[in-house]
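Working through the structure, step by step
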Amino acid sequence: MTDISRRSLAAGAGLLAGAFAFGARAQQSAPQVTTAIPVPKATAKPLVINPEKVKGLSADLLRAHHDGIYADEVKKLNDIGEELSRIDLAEVTPGRLGELKRDEQATQNSTLLHELYFDGLAEAPTQPAGLLSQALSRDFGSLDRWKAEFALIGRSLDAGSGWVILAYAPREKRLFNYRAENDAMSPAGGVPLLAMDMYEHAYAADYGTDTAKYIEAFVQAIKWTNAERHYREAMRV
Ligand SMILES: [Fe+2]
């Protein structure tokens, strides 16, 4: 073997070794896309009110809503979380991942808003007081004007489904009534204080298609003490 051949061989061997080293480094730094991640686990919250005592909404309706619809949503959220935690990012299509993320968002919204809905119902009539009462007057002109807007937004969902949400917006430092079609996201950043369910399952058994009567019953049954507690917490965000 000539000197030139030896030098070429040595150079080739060096390149090969370098290539192996690069491959090893690339392997080390490759993202671990197939590693399973912790599974989030949601638990259905119990109904803390006595449904027999909520004026304007029947106990049968409230139990079916809580034990059926809401509990099913919690189960669905856990199923989605389970699938997402085990997903192989090297194999899944963008379309399938997109569907799962869409469903995850809708189901997270649904479970959170249902919890706020049941949390916002009182066994006996209450009235807004303290800081929340002042904020309602400041941001809506009066409690009556807030009620009128809240109810009309509910009526705007007559032809569909969704939620009306009283929320605190930390950026604007004020209250808003938001409208969420289906379980879609309402404006980012808002902290929900009170939610009214405008899906048929929330009223049809008691009121048929008369959403105006359902809305009136809901507004009369609001547990304002809980809404005010959420408001105080939201102002610390
Ligand atoms: Fe519902």
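Residues numbered from 1 in each chain as written. Predicted model: local features only at pLDDT ≥ 70, side-chain atom pairs only at ≥ 80, totals over all residues.

The next point concerns the sheet that holds strand β1 (residues 162-169). The strand order β2-β1-β3 describes an open sheet built from three strands, whose pairing is antiparallel. Each having just a single partner strand, β2 (174-181) and β3 (191-197) make up the two edges of the open sheet. Strand-to-strand twist of the sheet, defined as the mean angle between neighbouring strand axes without regard to direction, takes the value 20°. When β1 meets β2, the two strands line up antiparallel, connected through eight bridges. What sits directly across from L166, in β2, is N177. On the sheet, helix α3 (residues 94-119) packs against β1 and β3 and is oriented at approximately 80° with respect to β3. (Pairing = 2+ DSSP bridges. Helix = DSSP H or I, 4+ residues; strand = E, 2+ residues; numbered from the N terminus. Axes fitted to C-alpha atoms, helices over the stretch in contact; angles between N-to-C directions. Contact = placed C-beta atoms within 7 Å.)

Moving on: the packing of helix α4 (residues 130-140) against helix α8 (residues 224-234). Contact geometry for α4 and α8: axes closest at 8 Å, N-to-C directions at 85°. In terms of their interaxial angle, α4 and α8 are classed as roughly perpendicular. Only W224, A227, E228, Y231 and R232 of α8 make contact with α4, whose side of the interface consists of G130, L131, L132 and A135. Residues belonging to the contact of α4 with α8 are distributed by class as follows: six nonpolar, one polar and two charged. (Parallel < 35°, antiparallel > 145°, perpendicular 65-115°, else oblique. Nonpolar A, V, L, I, M, F, W, Y, C, P; charged D, E, K, R; others polar.)

Glancing now at helix α2 (residues 59-86). With 28 residues, α2 extends 40 Å from end C-alpha to end C-alpha; this agrees with the ideal 40 Å at 1.5 Å per step. Its axis deflected by about 30° at H65, α2 carries its strongest bend there. Three or more residues of α2 are buried, namely L62, H65, H66, Y70, E73, L77, I80 and G81. (Expected span 1.5 Å × (residues − 1). Bend = angle between axes of the 7 residues up to and from the residue. Buried ≥ 20, exposed ≤ 12 C-beta atoms within 10 Å, placed from the backbone.)

Counting 40 residues, the largest nonpolar core has W163, L166, A195 and A227 as its most contacted members. Contributions of two or more residues to this core are made by α3, α4, α5 (143-155), β1, β2, β3, α7 (211-220) and α8. What A227 contacts, discounting residues up to four positions off in sequence, is G120, L132, L166, L193, L194 and I222. (Core = buried A, V, L, I, M, F, W, Y, C linked by C-beta atoms within 7 Å.)

What follows concerns the packing of α4 against α5. Viewed as axis vectors pointing N to C, α4 and α5 meet at an angle of 70°, and their least axial separation amounts to 8 Å. Put simply, α4 runs roughly perpendicular to α5. Taking contact as the criterion, the partners of L136, S137 and F140 in α4 are, on α5, L143, R145, W146 and E149. For the contact of α4 with α5, the residue count by class is four nonpolar, one polar and two charged.

Buried residues dominate β1, accounting for seven of its eight residues. Pairing between β1 and β3: six bridges, direction antiparallel. The residue of β3 that forms the bridge with Y168 is V191.

With that settled, the discussion passes to the environment of W146. Tracing the sequence through the fold places W146 in helix α5. By C-beta crowding, W146 is classed as buried, having 20 other C-beta atoms within 10 Å. As a C-alpha pair, W146 and N177 span 31 residues in sequence and 8.3 Å in three-dimensional space. If sequence neighbours within four positions are ignored, W146 has contacts with L136 and F140.

Next up on the list: the confidence of the model for the protein chain. Taken as a whole, the protein chain shows an average pLDDT of 88; of its residues, 85% reach a score of 70 or greater. Note on residues 1-28: pLDDT under 50 across the span, and one contact to partners over four residues away in sequence or across chains. (pLDDT = per-residue confidence, 0-100.)

With that settled, the discussion passes to the environment of R138. Here R138 shows up in helix α4. Here the alpha-carbon distance between R138 and L175, two residues 37 residues apart in the chain, equals 9.0 Å.

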